Amino acid sequence: MRADQSLFVIVVGCGRLGVYLADHLSRQGHSVVVVDANHTAFANLSTEYSGFKVEGDATELAVLKQAKINEADVVVGATHNDNVNLMIAQIARKVFNVPKVMARILEPQREELCHTLGIVTICPTTLAGDGILASIRGFSTPAQEGADPCTP
Ligand code: AMP
């Protein structure tokens, strides 16, 4: 972490999630590098984004080194591919000793393995599922609300 408490964060994948994270973190004053294999993805960043962009396949060590992974406080795997996110997370953790490593994982069954490897996971599948279940739990139909409690 820098002296001013700002963090150096590498976001891998400049899709919907990556853009959201990179834009917010940059606006919050953190140093951000966003990596994507496809340079057209960077066009979705906001005009205020003040971080760096690295084009390349983030499963290649040279690309991660170009992003200065050896100096990163946080690395986030935010591509649509669980395997890519996991591979990057493991390289960040085991090879470069990055203190905080996070991966977006769509397959809930992979989460336990990630936790044993010291990787924090965010699973949109379970987040959406839990949100929908909670919403259904609190829902009753108009007929149920007005129903006579004595009626079987
Ligand atoms: P999304 O489809 O919104 O989840 O975006 C995923 C982004 O991750 C896309 O812009 C892809 O080009 C990018 N991406 C996927 N695999 C890699 C990779 N190995 N290295 C760098 N970027 C990647």
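Look up: the structure comes first, before these words.
Just so we're clear, the structure is a prediction, and the values are computed from it rather than from any experiment. (Residues numbered from 1 in each chain as written. Predicted model: local features only at pLDDT ≥ 70, side-chain atom pairs only at ≥ 80, totals over all residues.)

### What about the sheet that holds strand 2 (residues 31-36)?
Within a sheet, adjacent strands bond to each other through the backbone by hydrogen bonds, running parallel or antiparallel.
Alright, step 1. The strand order across the open sheet formed by six strands is 3-2-1-4-5-6, and the pairing between neighbours is parallel. Whereas interior strands pair on both sides, the edge strands pair on one side only; in this sheet they are strand 3 (52-55) and strand 6 (120-122). The average undirected angle you get between the axes of adjacent strands in this sheet is 20°.
Alright, step 2. As paired elements, strand 2 and strand 3 share four bridges and run parallel to each other. Its bridge partner being in strand 3, Val 35 is matched across the sheet by Val 54.
Alright, step 3. Here helix 1 (residues 16-27) sits on the sheet and contacts strand 1 (8-12), strand 2, strand 4 (74-77) and strand 5 (100-104); the angle it forms with strand 2, its principal contact strand, is near 165°.
Alright, step 4. Across the sheet, helix 3 (residues 82-95) lies against strand 1, strand 4 and strand 5, angled at about 165° from strand 4, the strand it touches most. (Pairing = 2+ DSSP bridges. Helix = DSSP H or I, 4+ residues; strand = E, 2+ residues; numbered from the N terminus. Axes fitted to C-alpha atoms, helices over the stretch in contact; angles between N-to-C directions. Contact = placed C-beta atoms within 7 Å.)

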